[in-house]
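# Examining the three-dimensional arrangement
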Amino acid sequence: MTHYIGTRGLVSPPRDPALPLHRSMLVNSLFKYAGDIRSLADGFALRFLCSQHQDEREELIGTIADYIIFESRNAPQLMFEVVEEPPERAFWLQVRGIRPDQQESTSPSILPNSVLPYFA
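Worth saying up front: this structure is predicted, and the values here are computed from it rather than measured.

Conventions and cut-offs
Residues numbered from 1 in each chain as written. Predicted model: local features only at pLDDT ≥ 70, side-chain atom pairs only at ≥ 80, totals over all residues. Heavy atoms only, no water. Helix = DSSP H or I, 4+ residues; strand = E, 2+ residues; numbered from the N terminus. Buried < 20%, exposed > 50% of the residue type's maximum accessible area, 1.4 Å probe, protein only. Contact = heavy atoms within 4.5 Å. Phe/Tyr/Trp six-rings, centres within 6.5 Å; stacked < 30°, edge-to-face > 60°. Pairing = 2+ DSSP bridges. Axes fitted to C-alpha atoms, helices over the stretch in contact; angles between N-to-C directions. Salt bridge = Lys/Arg side-chain N within 4 Å of Asp/Glu carboxyl O.

### Description of the overall build of the protein chain
- Counting its regular elements, the protein chain contains two helices and six strands.
- Its helices and strands taken in sequence order, the protein chain reads β-β-α-β-β-α-β-β from the N to the C terminus.
- Residue burial in the protein chain is summarised as follows: out of 120 residues, 32% are buried.
- By sequence separation, contacts in the protein chain at least 24 residues apart represent 54% of the contacts at least 6 residues apart.

And the structure:
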């Protein structure tokens, strides 16, 4: 949804004040499972170990899906990829499409005081 304001042209709709809280809750849920975080040239990657327990696997998959759906709706430029490490029973969730100059309120925030400055 977009709307016009004066002569400035198309402008994004007003931001929902609940978005940062919702994103924070999703990110905290992800970090419960993440074993490693890496910076990529255009994003970041989170490493997860595959649990032997079905319930834990399903919870992790649901958490990742919730995060991807949320970010896809609020930052549509992002691309997501899962890269498997079969021998270690691990996988990486790669999130790409973040520009270093991106300071919009819809850009993903993984770490509050991140070593990845454009995620903050």
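### Focus: the environment of R99
- Summarising the element assignment, R99 is placed in the segment after β6 (90–96).
- R99 sits in the partly exposed class, given a relative accessible area of 44%.

### Considering the packing of aromatic side chains
- Throughout the structure, instances matching the rule amount to two aromatic pairs.
- When the ring of Y67 is compared with that of F80, the centres are 6.4 Å apart and the planes differ by 90°; the resulting orientation is edge-to-face. Here the residue Y67 occupies a position in helix α2 (residues 54–74), and F80 occupies one in strand β5 (residues 79–85), the gap between them amounting to 13 residues.

### Digging into the environment of A41
- Here A41 lies in the loop between β3 (34–40) and β4 (43–49).
- We classify A41 as exposed; its relative accessible area is 74%.
- For A41 and R99, which are 58 residues apart along the polypeptide, the C-alpha to C-alpha distance reads 8.7 Å.

### What to know about the sheet that holds β3
- Strand order across the open sheet formed by four strands is β3-β4-β6-β5, with antiparallel pairing between neighbours. Strands with a single pairing partner mark the edges of an open sheet, and in this sheet they are β3 and β5. The mean inter-strand angle of the sheet, taken between neighbouring strand axes irrespective of direction, is 20°.
- The pairing of β5 with β6 spans seven bridges and is classified as antiparallel. Considered in β6, the bridge of E81 is made with Q94.
- Its contacts with the sheet put α2 on β4, β5 and β6, and the angle it makes with β6 is roughly 10°.

### Considering the pattern of salt bridges
- One pass over the structure, following the stated rule, counts five salt bridges.
- Among the salt bridges present, the one from R38 reaches D36, with a minimum N-O distance of 3.4 Å.
- Residue D36 is classed as partly exposed on the basis of its relative accessible area of 26%.
- Of the charged contacts in the structure, one is a salt bridge between R47 and E85, with a shortest N-O distance of 2.9 Å. Taken as a pair, R47 in strand β4 and E85 in strand β5 lie far apart in primary sequence, 38 residues in all.

### Observations concerning the pairing of β6
- The buried fraction of β6 amounts to six of the seven residues, a majority that puts the element mostly inside the structure.
- Sheet analysis places β4 next to β6, joined by seven bridges and oriented antiparallel. Counted as the bridge partner of F48 is F91 from β6.

Structural measurements only, silent on function.
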